[in-house]
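Coordinates in review
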Amino acid sequence: MIDFARVQRLVERLQAHAQQPLPANLVPLATEKVQIGLAQPAVARFIAQHVRGFEWTQDVLTMSCAVGDFDSLTALLAEAATRLREAGMIRGWRGEKLAVGNPALATIERAACRPLGITTEAVHLNAYVAADALIVARRSALKQIDPDLWDNLVGGMVAAHETLNEALEREAWEEAGLRLECCTSLTPGRSFKMHRLVPEGLQSEIIHVYDAVLQNGQSLINQDGEVAAIERRSIDQVVDAIESDQFTLESALTTLESLTRGDTSIATTLFR
């Protein structure tokens, strides 16, 4: 049986890390009318000095392109990301494009999102194999972020031009060789927001939670080399591991969202 008092304490502790007060020196990144990010001060200064089309006035880094000019905004953000990479201010270049805004105003290289404080979206899947057991995955030791920590079976960014379901289908195959149509059930949960300082800059992210029940004997094989192990754990074992910080923050909260979804004693404001 789940100890809901313990789980609520965990949620509250982890949410304090996931929704940190932000420092006042972050620089708003904006078009003429819409704010799209919160850049690190050094990043904002560099862009203002080295990328034509940006201007730093009244403590705001403003782009010259008008809202609605998708291609021009995308090109200008690409130039900024490239110059930051050349200057060694962006690491882990992925060659993956994410949407800027929802609905999208532009796209940008994934590695530039945190230095510029641009909000991203991600999908995470809790994979149940019984009422009291989950399948979880350990991240590769070669991962740049959170190596060797444990994750939900499936979790990853929503790429530009993808729907949430398309992203979930792609990530399920890449990370576990799982076809969602083979699941016994697939249920959307709640979404929650993270905003915290990380070594790359500001992680501003919306996590969309899903639960799946897997078929008995479902074969699960990582396809992209980013997962070191896939294991079955009891819910008690998973909660113990979350409590001892063996899970990434996103995955821990994704699991706790699922465990608390039907319990009205858990404050509903913790997950929206």
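Residues numbered from 1 in each chain as written. Predicted model: local features only at pLDDT ≥ 70, side-chain atom pairs only at ≥ 80, totals over all residues. Heavy atoms only, no water.

What follows concerns the side chain of glutamate 205. Structurally, glutamate 205 is set in strand β12 (residues 201-213). Engagement of the side chain of glutamate 205 in a polar contact is seen with the side chain of threonine 120, the distance being 2.8 Å. (Helix = DSSP H or I, 4+ residues; strand = E, 2+ residues; numbered from the N terminus. Polar contact = N/O pair within 3.5 Å; in protein donor to acceptor, adjacent residues only side chain to side chain.)

The subject of this paragraph is the packing of aromatic side chains. The geometry of an aromatic ring pair is captured by the separation of the ring centres together with the interplanar angle, meaning the angle of the planes. The tally for this structure, following the rule as stated, stands at zero aromatic pairs. The ring of tryptophan 173 carries the charged tip of arginine 179 above its face, separated from the ring centre by 3.9 Å. The residue whose ring lies beneath arginine 233 is tryptophan 150, and the NZ or CZ to ring-centre distance is 4.4 Å. (Phe/Tyr/Trp six-rings, centres within 6.5 Å; stacked < 30°, edge-to-face > 60°. Lys NZ or Arg CZ within 6 Å of the ring centre and 35° of its normal.)

Further remarks concern unusual backbone geometry. Asparagine 102 connects to proline 103 through a cis peptide bond whose omega is 5°. Along the chain, the position of proline 103 falls in the loop between β5 (97-100) and β6 (106-109). Even without a glycine there, the phi angle at glutamine 58 is positive, about 50°. Inspection of the secondary structure puts glutamine 58 in the loop between β3 (54-57) and β4 (60-63). The class for glutamine 58 is exposed, based on a relative accessible area of 79%. You will see that aspartate 146, though not glycine, has its phi angle at about 55°, which is positive. (Buried < 20%, exposed > 50% of the residue type's maximum accessible area, 1.4 Å probe, protein only.)

Axis separation between helix α6 (residues 235-243) and helix α7 (residues 249-260) bottoms out at 11 Å; the angle between their running directions is 135°. Between α6 and α7, the crossing angle belongs to the class labelled oblique. Here α6 runs over α7; the crossing is left-handed. Side by side, α6 and α7 meet where Ile235, Val238, Val239 and Ile242 of the first sit next to Ala252, Thr255, Leu256 and Leu259 of the second. Its residues assigned to classes, the contact of α6 with α7 shows seven nonpolar, one polar and no charged. (Axes fitted to C-alpha atoms, helices over the stretch in contact; angles between N-to-C directions. Parallel < 35°, antiparallel > 145°, perpendicular 65-115°, else oblique. Left-handed = near helix turned anticlockwise from the far one by under 90°. Contact = heavy atoms within 4.5 Å. Nonpolar A, V, L, I, M, F, W, Y, C, P; charged D, E, K, R; others polar.)

Once that is clear, we can look at the nonpolar core. Soluble globular proteins tend to pack their nonpolar side chains together in the buried interior. With 31 residues, the main nonpolar core has Leu29, Ile47, Phe54, Met63, Ile108 and Leu116 as its most contacted residues. Of all the secondary structure elements, the ones that give two or more residues to this core are β1 (27-30), β2 (35-39), α2 (41-50), β4, α3 (70-86), β5, β6 and α4 (113-116). Considering each element in turn, this core owes the most residues, six residues, to α3. Setting aside its immediate chain neighbours within four residues, methionine 63 contacts Leu29, Ala30, Thr31, Glu32, Ile36, Gly53, Phe54, Leu73, Leu76 and Leu77. Formed by 27 residues, the second largest nonpolar core is a distinct cluster that contains Leu14, Phe192, Ala229 and Phe247. (Core = buried A, V, L, I, M, F, W, Y, C linked by side-chain atoms within 4.5 Å.)

With that settled, the discussion passes to the state of the cysteines. One pass over the full model with this rule turns up zero disulfides. As a non-bridged cysteine, cysteine 182 has cysteine 183 as the owner of its nearest cysteine sulfur, 7.2 Å distant. (Disulfide = S-S within 2.5 Å.)

Interpretation in functional terms is not warranted from these geometric data alone.
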